[in-house]
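An overview of the molecular structure
Here is what each chain is made of, one letter per residue.
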Amino acid sequence: LLMASGQLSREEALECTRCRHACHVMLYSDTKSQLFGKFPIRHIILMQMRFDGLLGFPGGLVDPSKETLEEGLTRELSEELGLPLPISVEDHVESCFAPPSSPPFSSPFSSRLMLHFYVKKIEEEQIREVERVAASTATDHGQEVLGMVRVPLYTMKSGGGLAHFLSHSFIGNARSQLVSSLLRFNMASLEELRKALTRSQE
Ligand code: APR
Ligand code: MG
Ligand code: MG
């Protein structure tokens with residue numbers, strides 16, 4: 001249970017009653033649209049630009065003594081996205097300890113952060129609605145959330161696309177959550193990801 005880099009089940013993770021808990025979700029849809037009539041977009045994946053200038057997934061801190069993880073995540077989504085989007089236990093993908101942060105934010109185990117990650121597929125029209133509402137009526141817009149962004153999955157001749165996106169800075173383990181979800185949900189091949197990851201470090 002205490003292995004630093006190990007994935008935990010939802011139940012194992014909840015055994016840490018002295019941890020703080022945070023839940024985030026990757027919302028995505030299929031799409032038939034193409035960029036410049038040339039590059040299939042394939043999937044729309046929603047991330048957000050956070051108040052701290054880092055990219056992350058929507059979600060936030062949840063208190064399991066007061067609400068279930070999924071109730072808390074749903075509440076965070078209504079604050080950050082501005083509409084009800086119920087997340088359920090079946091959408092849970094993995095839990096793990098947050099990567100240790102640097103001083104002065106590093107803390108002893110008693111207040112360590114447990115991260116729960118969810119993935120939920122919705123309709124393309126729902127994605128568009130989230131984008132519309134998030135920018136106009138979400139209470140956190142312009143505060144904790146500076147804007148929703150889509151993840152480009154294609155790679156252009158110039159190298160533009162996924163590799164450039166991955167070279168931005170991400171909160172916590174959001175970058176690895178993104179990369180492993182692309183693989184797990186068949187949104188990118190191992191080969192495509194390898195190339196993009198290599199290019200993103202150039
Ligand atoms: N996406 C977003 N955040 C993540 C992720 C991820 N994939 N992985 C880990 N985190 C961590 C961040 O380090 C963050 O501090 O989870 C923590 C809580 O998530 P937030 O979305 O930032 O929490 P939220 O409840 O929405 O906002 C509260 O206001 O008072 C500030 O700094 C405080 O970040 C906190 C925010
Ligand atoms: Mg929040
Ligand atoms: Mg948040």
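The structure presented is a predicted model; accordingly, all values stated were derived computationally and were not measured. (Residues numbered from 1 in each chain as written. Chains lettered and ligands numbered in written order. Predicted model: local features only at pLDDT ≥ 70, side-chain atom pairs only at ≥ 80, totals over all residues. Heavy atoms only, no water.)

The subject of this paragraph is the coordination of the magnesium ion (ligand 2). The protein atoms that coordinate the magnesium ion (ligand 2) are E76 (OE), E80 (OE) and E144 (OE), at distances of 2.0 to 2.7 Å. Mapping the donors of the magnesium ion (ligand 2) onto the primary sequence yields the spacing E-x3-E-x63-E. If you look at the magnesium ion (ligand 2) and the magnesium ion (ligand 3), they sit 3.3 Å from each other and are both ligated by E80. With E80 in helix α2 (residues 69-81) and E144 in the loop between α3 (124-136) and β9 (145-150), the pair connects residues that are 64 residues apart, well separated along the chain. Given the relative accessible area of 37%, E144 is considered partly exposed. (Donors = N, O, S within 2.8 Å, 3.2 Å for Na, K, Ca; no water. Helix = DSSP H or I, 4+ residues; strand = E, 2+ residues; numbered from the N terminus. Buried < 20%, exposed > 50% of the residue type's maximum accessible area, 1.4 Å probe, protein only.)

Before going further, it helps to spend a moment on the state of the cysteines. Under the definition given, this model contains 1 disulfide. One disulfide in the model links C16 with C19; its S-S distance is 2.1 Å. Handedness of the C16-C19 disulfide follows from its S-S torsion of about 80 degrees: it is right-handed. Like C19, C16 is buried. There is no disulfide at C96, and the cysteine sulfur nearest it, in C19, is 11 Å away. (Disulfide = S-S within 2.5 Å.)

So, on to the site of ligand 1. The local shell around ligand 1 holds 18 residues, among which G59, L61, E80, E144 and Q177 are the closest. One of the side-chain N or O atoms of E80 is found 2.9 Å from an oxygen atom in ligand 1. Here an oxygen atom of ligand 1 and a side-chain polar atom of E144 are 3.0 Å apart. Taken together, the elements giving at least two residues each to the shell around ligand 1 come down to β1 (20-30), β6 (59-62), α2, β8 (113-121) and α5 (174-184). With 3 residues, β6 is the largest single contributor of residues to the shell around ligand 1. A class-by-class count of the residues in the shell around ligand 1 yields 8 nonpolar, 6 polar and 4 charged. (Near = heavy atom within 4 Å. Polar contact = N/O pair within 3.5 Å; in protein donor to acceptor, adjacent residues only side chain to side chain. Nonpolar A, V, L, I, M, F, W, Y, C, P; charged D, E, K, R; others polar.)

With that out of the way, let us pick up the pattern of salt bridges. Overall, the coordinates contain 14 salt bridges when judged by the stated rule. Residue E124 pairs with R128 through a salt bridge whose shortest N-O separation is 2.9 Å. Here the residue E124 and the residue R128 both occupy positions in helix α3, the gap between them amounting to 4 residues, near one helical turn. Overlapping salt bridges bring together E67, R75, E76 and E79 as one network. (Salt bridge = Lys/Arg side-chain N within 4 Å of Asp/Glu carboxyl O.)

On to the nonpolar core, then. With 24 residues, the main nonpolar core has M26, I45, M47, V151, L162, L178 and L182 as its most contacted residues. Secondary-structure elements contributing two or more residues to this core are β1, β4 (43-50), β8, α4 (162-166), α5 and α6 (190-200). Here L162 is in contact with V151, P152, L153, Y154, L182, L193 and A196, once residues within four sequence places are set aside. (Core = buried A, V, L, I, M, F, W, Y, C linked by side-chain atoms within 4.5 Å. Contact = heavy atoms within 4.5 Å.)

With that settled, consider α3. Between its first and last C-alpha atoms α3 spans 19 Å; for 13 residues at 1.5 Å apiece the expected length is 18 Å, and the two agree. Those residues of α3 that sit buried are I127, V130, V133 and A134. Taken around the axis of α3, the buried residues stretch over an arc of 135 degrees, which confines them to a single face. Set apart from the buried face of α3 by more than 90 degrees, the exposed residues are R132 and S136. For α3, the elements touching its buried residues are β1, β4, α2 and β9. (Expected span 1.5 Å × (residues − 1). Arc of directions from axis to C-beta.)

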